[in-house]
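Chain residues, written in single-letter form:
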Amino acid sequence: MTQQTLNGVVVECITGDIARQADMQCVVNAANAELRIGGGVAGALHRAAGPGLEAECEPLAPIAPGEAVITGAHALPNDHVIHCLGPVYGIDEPSDALLAACHRRALELAEQHRIARIALPAISTGAFGYPLEAAADEALRTTAESTRALDAVEHIRFVLFGAREQAVYARSLARYAA
Ligand code: AR6
C-alpha cells in the first residue's frame, strides 16, 4: 500500500523528483548546515528555485542537525520550502533522535504556516549515509506520531528517487498504519 490515512492525514510514498511537486504547497529540502546549493535534493531544489532562494537562506544559516527553517519557494512551483538538516550518519549522534527531530520540526512548521500539502525526500539517506531501512522507519514512525497533532496539514507525500527506496518507505508506512 503506497497511501494510508493516519489520524485523518493522507500519507503516501511515491517515486519522483522533489523539485517537480507542483500540487504541493511546500517541499522539504535535505539541506546542508549552511543552507547553500550542494548536491542531491538541495542541488535540485536550489537550481529549480533560482538564486533568490540561497539569498533568502543566507541570514538563517547555519542550522544544527535536527533543525528546520522555512523560506519562500521562489521559482519552484510551490509556496514554501522547509529546509531540514538531517544527521550525518555515524557522526551526528544520536542519529535516530536527530532524524526524528527534523521530521517532527518540519511538520510543526507546516502546521504553524497552515500548509495543507507537504512533500518530503528521504532525508539523510544520500550524501549523509543513513541506512535506508532505518531512515524509512524513523521517518514514518515520527510522521505517524506527528499526525495526531496536525490539523491544517492534510497530505504528506514522501517523494523517493527510485523504486527500491519507494518500496522501503512504503513498507514502513504500512507498519505504522497498522
Ligand atoms: N528528488 C527526490 N529525491 C532525490 C532527489 C530528487 N531530485 N535527488 C536525490 N534524491 P541527499 P542527505 C534522493 O544526498 O543524505 C547535499 O549535497 C537521494 O537518492 O540529497 O540528507 C546537501 O548539500 C537520497 O535517497 O540528502 C547536504 O550537504 C535522498 O534523496 C547533503 O547532501 C537524500 O539524498 C545532505 O545529504
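The residue numbers shown here count from 1 along each chain, following its written sequence. Confidence filtering applies because this is a predicted model: local features only for residues at pLDDT of at least 70, side-chain atom pairs given and counted only at 80 or more, and all residues used for totals across whole chains, interfaces and linings. Derived side-chain values reflect all non-hydrogen atoms in the structure, with water molecules and hydrogen atoms excluded from consideration.

Undergrad: Just to check I follow, could you spell out the site of the ligand for this structure?
TA: Near residues are defined by distance, with any heavy atom within 4 Å of the molecule or strand qualifying the residue. The environment of the ligand is made up of 21 residues, and the closest members are Asn32, Val41, Ser124, Thr125 and Gly126. In protein, a polar contact means a hydrogen-donor-capable atom and an acceptor-capable atom, both N or O and within 3.5 Å, with residues adjacent in sequence counting only if both atoms are side-chain atoms; elsewhere, any N or O pair within 3.5 Å suffices. One of the backbone nitrogen or oxygen atoms of valine 41 is found 2.8 Å away from an oxygen atom of the ligand. Here the open area of atoms and residues is found with the Shrake-Rupley method and a 1.4 Å probe, where only the protein chains shown may cover a residue. About the coverage of the ligand: the protein hides 87% of its 700 Å² of free accessible area. A molecule is said to occupy a pocket when more than half its atoms come within 2 Å of that pocket's grid points, and by this definition the ligand occupies the largest pocket. Strands are runs of DSSP state E lasting at least two residues, helices are runs of H or I lasting at least four, and both sets are numbered from the N terminus onward. Per-element tally for the shell around the ligand: the top contributor is helix 1 (residues 40-49), with four residues. Buriedness of a pocket was judged along seven lines, with at least five required to meet protein on both sides within 12 Å; pockets are open sets of points on a 1 Å grid over the protein atoms alone, cavities are sets where a 1.4 Å probe fits but cannot get out, and lining residues have an atom within 4 Å of a point. To qualify as sitting in a cavity or pocket, a molecule needs more than half of its atoms within 2 Å of the grid points.

Undergrad: Would you explain the pattern of salt bridges in this entry?
TA: Where charged atoms from two side chains of opposite charge approach closely, those side chains can pair. Any carboxyl oxygen of Asp or Glu within 4 Å of a side-chain nitrogen of Lys or Arg constitutes a salt bridge here. Following the criterion strictly, the structure yields eleven salt bridges and no others. Among the salt bridges present, the one from glutamate 111 reaches arginine 114, with a minimum N-O distance of 3.5 Å. Relative accessibility thresholds used throughout: buried, under 20% of the residue-type maximum; exposed, over 50%; partly exposed, between the two (1.4 Å probe, protein chains only). For arginine 114, a relative accessible area of 52% corresponds to the exposed category. One salt bridge connects glutamate 138 with arginine 141, and the closest N-O pair in it is separated by 2.4 Å. Taken as a pair, glutamate 138 and arginine 141 lie in helix 4 (residues 132-146) at a separation of three residues, close to a single helical turn. Residue class for glutamate 138 comes out buried when judged on its relative accessible area of 11%. Classification of arginine 141 by relative accessible area gives partly exposed; the value is 29%. Because the salt bridges share partners, they merge into one network encompassing Glu12, Asp23, Arg117 and Arg157.

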